[in-house]
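# Fold and contact review
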Amino acid sequence: MPYSHFKKLTDVTKKFNLNLQTVVLFPSIKPIELSQYLTICLDAAEKVGYANEKERSERLVSPILTELTLHNHTSIVVYSGRDLFVDDKQGLNGECDFLISVHKKVIDELIAPVIAIVEAKEQDLRYGVAQCAAQLYGAKLFNEAEGFQIPCFYGAATTGEVWRFLKLENNTLFIDEKKYYLGQPNILIGVLQYIIETAIANT
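Definitions and cut-offs
- Residues numbered from 1 in each chain as written.
- Predicted model: local features only at pLDDT ≥ 70, side-chain atom pairs only at ≥ 80, totals over all residues.
- Heavy atoms only, no water.
- Salt bridge = Lys/Arg side-chain N within 4 Å of Asp/Glu carboxyl O.
- Helix = DSSP H or I, 4+ residues; strand = E, 2+ residues; numbered from the N terminus.
- Buried < 20%, exposed > 50% of the residue type's maximum accessible area, 1.4 Å probe, protein only.
- Pairing = 2+ DSSP bridges.
- Axes fitted to C-alpha atoms, helices over the stretch in contact; angles between N-to-C directions.
- Contact = heavy atoms within 4.5 Å.
- Phe/Tyr/Trp six-rings, centres within 6.5 Å; stacked < 30°, edge-to-face > 60°.
- Core = buried A, V, L, I, M, F, W, Y, C linked by side-chain atoms within 4.5 Å.

### Observations regarding the pattern of salt bridges
- Enumeration according to the criterion identifies 7 salt bridges in this entry.
- A salt bridge links K47 to D43; the nearest nitrogen and oxygen atoms lie 3.1 Å apart. Placement of both K47 and D43 in helix α2 (residues 36-48) is noted, with a separation of 4 residues, approximately one turn of the helix.
- For K47, a relative accessible area of 66% translates into the label exposed.

### Considering the pairing of strand β7 (residues 172-181)
- As paired elements, strand β1 (residues 19-23) and β7 share 5 bridges and run parallel to each other. Paired with V23 across the two strands is D176, which belongs to β7.
- In this sheet, β7 lies alongside strand β6 (residues 162-169) in antiparallel orientation, the contact comprising 7 bridges. By the bridge assignment for β7, V162 is matched with Y181.
- Counted between consecutive antiparallel strands, the loop separating β6 from β7 contains 2 residues, among which N170 sits at a positive phi close to 55 degrees.

### Description of the sheet that holds strand β5 (residues 152-158)
- Strand order in this open sheet of 7 strands is β1-β7-β6-β5-β4-β3-β2, and the pairing throughout is mixed. Either end of the sheet is taken by a strand with one partner, and the two such strands are β1 and β2 (76-83). Put simply, the sheet's adjacent strands are angled 25 degrees from each other on average, direction ignored.
- Packed on one face of the sheet, helix α5 (residues 185-201) meets β2, β3 (95-102), β4 (114-120), β5, β6 and β7 and runs near 15 degrees to β6.

### Re the packing of aromatic side chains
- On inspection of all chains with the given rule, the structure shows 8 aromatic pairs.
- With a centroid separation of 5.9 Å and an interplanar angle of 45 degrees, the aromatic rings of F6 and F16 are classed as tilted. In this pair, F6 sits in the segment before α1 (9-15) while F16 sits in the loop between α1 and β1, placing the two residues 10 residues apart along the sequence. Across the pair, F16 and F6 agree in class, each one buried.
- Judged by centre distance (5.7 Å) and plane angle (80 degrees), the ring pair of F26 and Y194 falls under edge-to-face. Taken together, the residues F26 in the loop between β1 and α2 and Y194 in helix α5 connect sequence positions 168 residues apart.
- On the accessibility criterion, F26 (3% relative accessible area) is buried.
- Residue class for Y194 comes out partly exposed when judged on its relative accessible area of 35%.
- Aromatic rings pair up to connect F26, Y154, W163, F165, Y180 and Y194 into one cluster.

### Re the nonpolar core
- In terms of nonpolar packing, the biggest core is built from 68 residues, with F26, L84, W163 and F165 touching the most fellow members.
- No other element matches the 9 residues that helix α4 (residues 125-145) contributes to this core.
- Non-local contacts of W163, meaning those with residues more than four positions away in its chain, are made with V61, I64, V118, A156, A157, T158, K179, Y180, L188 and L192.

Shown next as structure tokens:
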């Protein structure tokens, strides 16, 4: 049973005994100046367009996460389309759109610790949030099996244009009250940078 089996957030919280809270995860964020690379990519995406989930992932989400890697190239790697196999009986198996790990080089095998997950969806963010929440719990178990006790993990469900962030800390799943938009890329990159810095500090 794959992560995509989870359609509602309550499916995840009830199955794994997680508390659920809605909060402002990032009350103060420092905007980050975009590189020429990301500016060109986003401009090209607007001109070329994106009609489905795969195109949104390739033309919007991937360049944003590549930008994040450029800011943190000695600390993290971003894996695209990698499987996170943890426990098939609990539905904690399957492909994640993007996994972020504290490591210096992408290799064939997924390396712990995984610190963040981004799930790209064409439209329905609610479905994306539920799937990402299950993947975060899977990442927690994956890291623990590899000997990493990390207090919190971050995730996001996104259409590419709209981003909704989550945090799993101990036994509580926090959902951000705010949504972030591609129309403010400096703020969006600032949020992602904050997540990376916080997660690295906790590893």
